[in-house]
Amino acid sequence: MIFNKIRSMHFPNDVFIGHNAIVNINDVVKKNLRSGEALIITGNKTYELAGKYIEKLLDDIQYNVLIVDGASIDTLNFIKNEIKNSKIGVVIGVGGGSKIDLAKKTAADIGVPFISVPTAPSHDGIASPRASISDGKSVLSVEAVMPSAIVADTSIMLKAPYRFAAAGAADVIANITAVEDWRLAYRLKGEEFSSTAAIISEYTSKELMENANMIQPGMEESIWLITKEILASGTAMAIAGTSRPASGSEHLFAHALEVLGRGTSMHGEQVAMGSLVSMYLQGGDWIKLKETYKKIGVQTKASEYGISDDIAIKALSIAHRLRPERYTILGETDLSTRVAEKALKITGII
Ligand SMILES: NC(=O)C1=CN([C@@H]2O[C@H](COP(=O)(O)OP(=O)(O)OC[C@H]3O[C@@H](n4cnc5c(N)ncnc54)[C@H](OP(=O)(O)O)[C@@H]3O)[C@@H](O)[C@H]2O)C=CC1
Ligand SMILES: O=C(CO)COP(=O)(O)O
Ligand SMILES: [Zn+2]
């Protein structure tokens, strides 16, 4: 088959991951700062945790620090307004997923390199080209830019509540149902498919499932393992040019919960619940998947997050509507209440 479609792929040119990796930030910024100033985008807590330290490490580099809130269109517009008279040459995201996404999207929009400095391994967006910027209605990732460099200091990430690490692990473990959906779409709908991206993505899930015993509170090694697979998951998305390798029906369920009411659940926890029901519908070993989530301490009962049975049933029933162009095991019409309820009951989500 002659490939006449040119696909561009971009990968980080530097990745520092480990204890005290943050000490490399000055060299990394110098290498990526073309001209002008560095812009640091962070949050209140994460400024204290890491942003302040980065300021001390940056020598003879002009920089601005913006402390912001959630990843919304309004916050993004606030950032752009704040920097409109500045000459920004590189954007550094220091924080959890929301700060990383705001920095990633800002860098993409102004056309400068993005440096990812995660303070929590809470999902694979910290190393992917995708950014979730909410418009107040739903939260789907949009194309942004792959980090030019990633500085993942496991000693800082270890300070995040363990729940963040478990959620990040779940986000990667759930790649297994995403790839199954992608294969289904390739066979049934002729969707473009990258076997390389699919194999990498499946590997990340299997690696975390097989080493689930290594994912425990208080262990820096757990952070290292999760972050390593998050990096690989982001690479799979960069190769595919979409989030397909890491986002299928399980993510549609998660996004539907974001719209209908996610209670106190984090992204990775929503995705964990979604992957159980997806794997049940795909005819896979959802029981092994459930045991893995239990082992790493991820709750998969909706009520534990204050999500009612009705919301969970509705979310599963309409999830396919969130991304009609992305064919998955959920099909193209609403699941009946009866079918959705049965699937959620069998997998123990309600
Ligand atoms: N791009 C993608 O592919 C994806 C993006 N997302 C997006 O990511 C966001 C969720 O990311 P998530 O990381 O869960 O949440 P946030 O980035 O919102 O962080 C949640 C809270 O945790 C704090 N925090 C971060 N790191 C630490 C730490 N080491 N110790 C203590 N507190 C810490 C943050 O501090 P502070 O207040 O300083 O920020 C914040 O108050 C959402 O916006 C979601 O849409 C979700 C999935 C995929
Ligand atoms: O969360 C993601 C991958 O883990 C991004 O996926 P979406 O494209 O569904 O937002
Ligand atoms: Zn995800």
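What you see is a predicted model, and the numbers here were worked out from it, not measured in a lab. (Residues numbered from 1 in each chain as written. Chains lettered and ligands numbered in written order. Predicted model: local features only at pLDDT ≥ 70, side-chain atom pairs only at ≥ 80, totals over all residues. Heavy atoms only, no water.)

A separate point is the domain arrangement of the protein chain. Here the domain parsing of the protein chain yields domain 1 (14-157) and domain 2 (162-346). Spacing between the C-alpha centres of domain 1 and domain 2 amounts to 26 Å. At the junction of the two partners, domain 1 supplies 25 residues and domain 2 supplies 30 residues. Summing the contributions of domain 1 and of domain 2, the shared interface buries around 2,100 Å²; its carbon and sulfur component is 70%. (Domains from an automatic or database assignment. Contact = heavy atoms within 4.5 Å. Buried area = accessible area lost by both parts, 1.4 Å probe.)

A few words now on the UniProt feature "binding site: Zn(2+)" (unreviewed entry) in the protein chain. What UniProt calls "binding site: Zn(2+)" (unreviewed entry) maps, in this numbering, to Asp171, His251 and His267. Spatial clustering of the annotated residues is evident: they stretch over 97 residues in sequence, but the largest pairwise C-alpha distance comes to 9.1 Å. Looking at the element boundaries, His251 is found in helix 10 (residues 249-260). Assessed through its relative accessible area of 5%, His251 is described here as buried. The residues contacting His251, other than those within four sequence positions of it, are Asp171, Ala246, His267 and Val271. Among the polar contacts made by the side chain of His251, one reaches the main-chain carbonyl oxygen of Ala246 at a distance of 3.4 Å. Following the sequence through the fold, His267 ends up in helix 11 (residues 267-282). (UniProt positions renumbered as here; feature names shortened; annotations may be inferred. Helix = DSSP H or I, 4+ residues; strand = E, 2+ residues; numbered from the N terminus. Buried < 20%, exposed > 50% of the residue type's maximum accessible area, 1.4 Å probe, protein only. Polar contact = N/O pair within 3.5 Å; in protein donor to acceptor, adjacent residues only side chain to side chain.)

Coordination of the zinc ion (ligand 3) by the protein is provided by Asp171 (OD), Asp171 (OD), His251 (NE2) and His267 (NE2), with metal-donor distances spanning 2.1 to 2.7 Å. In this structure, the zinc ion (ligand 3) is surrounded by six donor atoms whose angles at the metal cover 52 to 167°, and the resulting shape is irregular. Sequence positions of the residues that donate to the zinc ion (ligand 3) give the spacing D-x79-H-x15-H. One end of the pair, Asp171, is in helix 6 (residues 162-173); the other, His267, is in helix 11, with 96 residues separating them in the sequence. (Donors = N, O, S within 2.8 Å, 3.2 Å for Na, K, Ca; no water. Tetrahedral: all angles 85-135°; square planar, octahedral: opposite > 155°, others 65-115°.)

As a further point, take the sheet that holds strand 1 (residues 14-18). Ordered by their spatial adjacency, six strands build an open sheet running 1-8-5-4-2-3, and the pairing between neighbours is parallel. This sheet does not close on itself; its edge strands, each paired only once, are strand 1 and strand 3 (63-67). Pairs of neighbouring strands in the sheet enclose a mean axial angle of 15°, with direction left out of account. Both strand 5 (residues 114-118) and strand 8 (residues 149-153) contribute to a ladder of two bridges, which runs parallel. Looking across to strand 8, one finds that Ser116 is bridged to Ile150. (Pairing = 2+ DSSP bridges. Axes fitted to C-alpha atoms, helices over the stretch in contact; angles between N-to-C directions.)

Let us now look at the nonpolar core. Tyr293, Leu316 and Leu344 are the most contacted members of the largest nonpolar core, which has 74 residues in total. Not counting chain neighbours up to four residues away, the residues in contact with Leu344 comprise Phe253, Val277, Ala312, Ile313, Leu316, Ile349 and Ile350. Core analysis: the next-biggest nonpolar cluster, separate from the first, contains 20 residues, Val28, Val90, Val117 and Val151 among them. (Core = buried A, V, L, I, M, F, W, Y, C linked by side-chain atoms within 4.5 Å.)

A word on the site of ligand 2. Neighbouring ligand 2 are Asp124, Leu140, Ser141, Asp171, Ser243, Ala246, Ser247, His251, His255, His267 and Arg323. The separation between an oxygen atom of ligand 2 and a polar side-chain atom of Asp171 is 3.2 Å. Contacts to ligand 2 include His255, whose side-chain N or O atom sits 2.8 Å from an oxygen atom. Considered on its own, ligand 2 offers 310 Å² of accessible surface; in the complex 95% of this is hidden by protein. (Near = heavy atom within 4 Å. Areas by Shrake-Rupley, 256 points an atom, 1.4 Å probe, with all protein chains shown as cover.)

It is generally the case that most residues other than glycine have a negative phi and that most peptide bonds are trans. Phi at Asn20 is positive, roughly 70°, even though this residue is not glycine. Secondary-structure assignment places Asn20 in the loop between strand 1 and helix 1 (25-32). One non-glycine residue, Asp60, lies in positive phi territory at about 40°.

Tallying each qualifying case throughout the model produces 17 salt bridges. Between Lys80 and Asp109 there is a salt bridge, with the nearest N and O atoms lying 2.5 Å from each other. In this pair, Lys80 sits in helix 3 (residues 73-82) while Asp109 sits in helix 4 (residues 97-110), placing the two residues 29 residues apart along the sequence. On the basis of relative accessible area, Lys80 is assigned to the partly exposed category, the value being 27%. Overall, the relative accessible area of 35% leaves Asp109 in the partly exposed class. Two residues, Arg321 and Asp334, come together in a salt bridge whose shortest N-O distance is 2.4 Å. (Salt bridge = Lys/Arg side-chain N within 4 Å of Asp/Glu carboxyl O.)

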